Amino acid sequence: MPNNKFDEILRIFQTQRDELICKLVSFVAGDTILFLPKDSGCDEKIKSANEILGSRFERTDGINVLSENLLYGENIKKYMNRCSVEKQTFIYLVATELRSVLAAVLLAEKEINAEEAFKFSFYEELTQQKKWGVLPEAEEKHQAVKLQLKALERWLNERSVS
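Notes on the packing of helix α4 (residues 85-98) against helix α5 (residues 101-108)
Interaxial distance between α4 and α5 falls to 8 Å at its minimum, and their mutual angle equals 135°. Compared by their axis directions, α4 and α5 come out oblique. Every pair of crossing elements has a handedness; the one defined by α4 and α5 is right-handed. Across the interface between the two elements, Lys87, Phe90, Ile91, Val94, Ala95 and Leu98 from α4 touch Val101, Ala103, Ala104, Val105, Leu107 and Ala108 from α5. Taken together, the residues that form the contact of α4 with α5 break down as 11 nonpolar, no polar and 1 charged.

Quick notes on the pattern of salt bridges
Considering all chains together, one arrives at 9 salt bridges under this definition. Arg17 is paired through a salt bridge with Asp18; the nearest N and O atoms lie 3.2 Å apart. With a relative accessible area of 53%, Asp18 lands in the exposed category. Between Glu74 and Lys77 there is a salt bridge, with the nearest N and O atoms lying 3.8 Å from each other. You can see Glu74 and its partner Lys77 sitting in helix α3 (residues 73-82), 3 residues apart, about one turn around the helix.

Considerations on the packing of aromatic side chains
The way to describe two aromatic rings as a pair is by their centre distance and the angle between their planes. Applying the stated criterion to the full structure yields 3 aromatic pairs. Considering the side-chain rings of Phe57 and Tyr72, the 5.4 Å spacing of their centres and the 65° angle between planes classify their relative orientation as edge-to-face. One end of the pair, Phe57, is in the loop between α2 (42-53) and α3; the other, Tyr72, is in the loop between α2 and α3, with 15 residues separating them in the sequence. For the pair shown, Phe57 and Tyr72 are each scored as buried.

Here's the deal with the side chain of Thr32
For Thr32, the location among the structural elements is in the loop between α1 (3-28) and α2. When near neighbours in sequence (up to four residues on either side) are disregarded, Thr32 contacts Leu98, Arg99, Ser100, Phe120 and Ser121.

Re helix α6 (residues 114-121)
Listed as buried for α6 are Ala114, Ala117, Phe118, Phe120 and Ser121. One face of α6 carries all of its buried residues, which in axial projection span an arc of 165°. Capping the start of α6, Asn113 holds a side-chain oxygen 3.1 Å from the backbone nitrogen of Glu115, two or three residues further along.

Reading the values: the criteria
- Residues numbered from 1 in each chain as written.
- Predicted model: local features only at pLDDT ≥ 70, side-chain atom pairs only at ≥ 80, totals over all residues.
- Heavy atoms only, no water.
- Axes fitted to C-alpha atoms, helices over the stretch in contact; angles between N-to-C directions.
- Helix = DSSP H or I, 4+ residues; strand = E, 2+ residues; numbered from the N terminus.
- Parallel < 35°, antiparallel > 145°, perpendicular 65-115°, else oblique.
- Left-handed = near helix turned anticlockwise from the far one by under 90°.
- Contact = heavy atoms within 4.5 Å.
- Nonpolar A, V, L, I, M, F, W, Y, C, P; charged D, E, K, R; others polar.
- Salt bridge = Lys/Arg side-chain N within 4 Å of Asp/Glu carboxyl O.
- Buried < 20%, exposed > 50% of the residue type's maximum accessible area, 1.4 Å probe, protein only.
- Phe/Tyr/Trp six-rings, centres within 6.5 Å; stacked < 30°, edge-to-face > 60°.
- Arc of directions from axis to C-beta.
- Polar contact = N/O pair within 3.5 Å; in protein donor to acceptor, adjacent residues only side chain to side chain.

Here it is, written out as structure tokens:
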């Protein structure tokens, strides 16, 4: 995504900030990272996200959202309100790309890099591909997502926003 596209989205975020932050708040209890298996290494990352956000999100082994995880949406809102609009835009773009607000926050705070964010967000799919093989279409999609994440990461770093 070229810089002018980022800047266009930044302008949209500036005018619809509260609405977009509310969308992030509504996503977070069902965050992809909270449903990963223990062997994925996500527990350490959830702990880091909790430290950043002042929350206590918990990983689940089930398919249902843990009721405790519904309590921390306000923590996301408070965190986002402390961020610059560039960082807010970055988090929103990454979260919608990866289906993970927590991965977006961790990437924004440089607790993980773009490659790690991708691996956590696509863990289940990557695990299945190890067993059954990779379809060319899936590989193309993955490469596009990785390129997008790296472009977003560069955009954030160019603005010295972290």
